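# Coordinates in review
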Amino acid sequence: MSVWVKRALRQVLDEISGKYPDNLALIFKNQRISYRMLREKTRTLAKGLMALGVGCGDKVSIWGGNCPEWIYTQMATALI
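## Some points on the environment of Thr 42
Note on placement: Thr 42 falls in helix H2 (residues 35-51). Along the primary structure Thr 42 and Asp 58 are separated by 16 residues, whereas in three dimensions their C-alpha atoms are 17 Å apart.

Below, the structure is given as structure tokens:
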């Protein structure tokens, strides 16, 4: 069993972005997104969703194409 399985996404994202902040996490078309940026965008979106009233256990629908914003949303909802 992987060591990542028993850890929360928040812990994994914090650890990886702490160790490898400038490494590439995502590449999409002409965008290069580092782990630092991935963590920042994910946390910012999670905070925004919570400010709108989204909480633990709520259902959130994501409608989007293959793009970094989909990943940010997926991860932000997992953080909540």
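From this point on, the discussion continues.
## Focus: the pairing of strand E2 (residues 31-34)
Both strand E1 (residues 24-28) and E2 contribute to a ladder of four bridges, which runs antiparallel. Counterpart to Leu 26 in the pairing with E2 is Ile 33. Linking E1 to E2, which pair antiparallel, is a turn of two residues; within it Lys 29 sits at a positive phi near 50 degrees.

## Regarding unusual backbone geometry
For Lys 29, which is not glycine, the phi torsion reads 50 degrees and is therefore positive. Relative to the helices and strands, Lys 29 resides in the loop between E1 and E2.

Conventions and cut-offs
Residues numbered from 1 in each chain as written. Predicted model: local features only at pLDDT ≥ 70, side-chain atom pairs only at ≥ 80, totals over all residues. Heavy atoms only, no water. Helix = DSSP H or I, 4+ residues; strand = E, 2+ residues; numbered from the N terminus. Pairing = 2+ DSSP bridges.

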